[in-house]
Amino acid sequence: MEWGTLVATLGGGLIAIAGTVLADRLRTRQEHRRSLQARRRDVYTEFIAAAGAAHTELRRLAQNGAGAAGLEEASRAALTDARIYEVRERLFLDASARIAATGQTMFERLRALRKTVAAGAGIATPAFHDIYHPYLDAVWAYREAVRDELEGHVLTPTDFGWSAWDGRERCPHCAERAANRPPAQT
């Protein structure tokens, strides 16, 4: 046997093994990226859905009331029953830093809304709207950040014919409140 043939055979075998290992490693990375993207999409959606469920219940409580003592307990249950705390922890595990930060802001504003409802603010009161509209703004900031990360295309308020995300311009309670304000003195 010639040495040249043996070296060429061993070299070819090493190249084949290295190519197989490299291809396997690239495939594993791609699968990991796809898995992370799917987990993120799921938890991003689950978080906004849980916040939406809690928000709906808080609005119902603000509309109907439940007695001072009952509102505290019912408003806490609105967040717990919606599983917002559990999903928020999953968000912190899988989300990018930007999404985790916008999600946390949205969560903090939802908790502020809960405290306002627990304190007895009705749906038509200025106290409710002073907290409610910043919450809506945070919800849309979260949606924008998620869309930007997942799809690279964000929505803007003008896509809906609005000037801002907070909803004040479309709110009959805020419009009535603005109409009843005395004109500013100059």
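The structure contained in this document is the topic of the report that follows. (Residues numbered from 1 in each chain as written. Predicted model: local features only at pLDDT ≥ 70, side-chain atom pairs only at ≥ 80, totals over all residues. Heavy atoms only, no water.)

### Quick notes on the packing of helix α5 (residues 126-151) against helix α6 (residues 172-180)
At their nearest, the axes of α5 and α6 sit 10 Å apart, and the two run at 120° to each other. One finds that α5 runs oblique with respect to α6. α6 is crossed by α5, and the crossing has left-handed handedness. Residues P126, H129, D130 and H133 of α5 form the contact with α6, whose participating residues are H173, C174 and R177. (Axes fitted to C-alpha atoms, helices over the stretch in contact; angles between N-to-C directions. Helix = DSSP H or I, 4+ residues; strand = E, 2+ residues; numbered from the N terminus. Parallel < 35°, antiparallel > 145°, perpendicular 65-115°, else oblique. Left-handed = near helix turned anticlockwise from the far one by under 90°. Contact = heavy atoms within 4.5 Å.)

### Topic: the packing of aromatic side chains
Scanning the model with the defined rule gives nine aromatic pairs in all. Both rings, one in F128 and one in Y132, keep their centres 5.1 Å apart while their planes meet at 20°; by these two values the pair is stacked. A residue pair is termed a helical-turn pair when its members lie 3 or 4 positions apart in one helix, as F128 and Y132 do in helix α5 at four residues. What makes Y132 buried here is its relative accessible area of 9%. One aromatic cluster in this structure is built from W140, F160, W162 and W165. One Lys or Arg, R88, reaches over the ring of F107 and ends 4.1 Å from the middle of that ring. (Phe/Tyr/Trp six-rings, centres within 6.5 Å; stacked < 30°, edge-to-face > 60°. Buried < 20%, exposed > 50% of the residue type's maximum accessible area, 1.4 Å probe, protein only. Lys NZ or Arg CZ within 6 Å of the ring centre and 35° of its normal.)

### Observations regarding the pattern of salt bridges
Overall, the coordinates contain 12 salt bridges when judged by the stated rule. As a salt-bridge pair, E86 and R83 come within 2.9 Å of each other at their nearest N and O atoms. Through salt bridges with shared partners, one network takes in E46, R83, E86 and R90. (Salt bridge = Lys/Arg side-chain N within 4 Å of Asp/Glu carboxyl O.)

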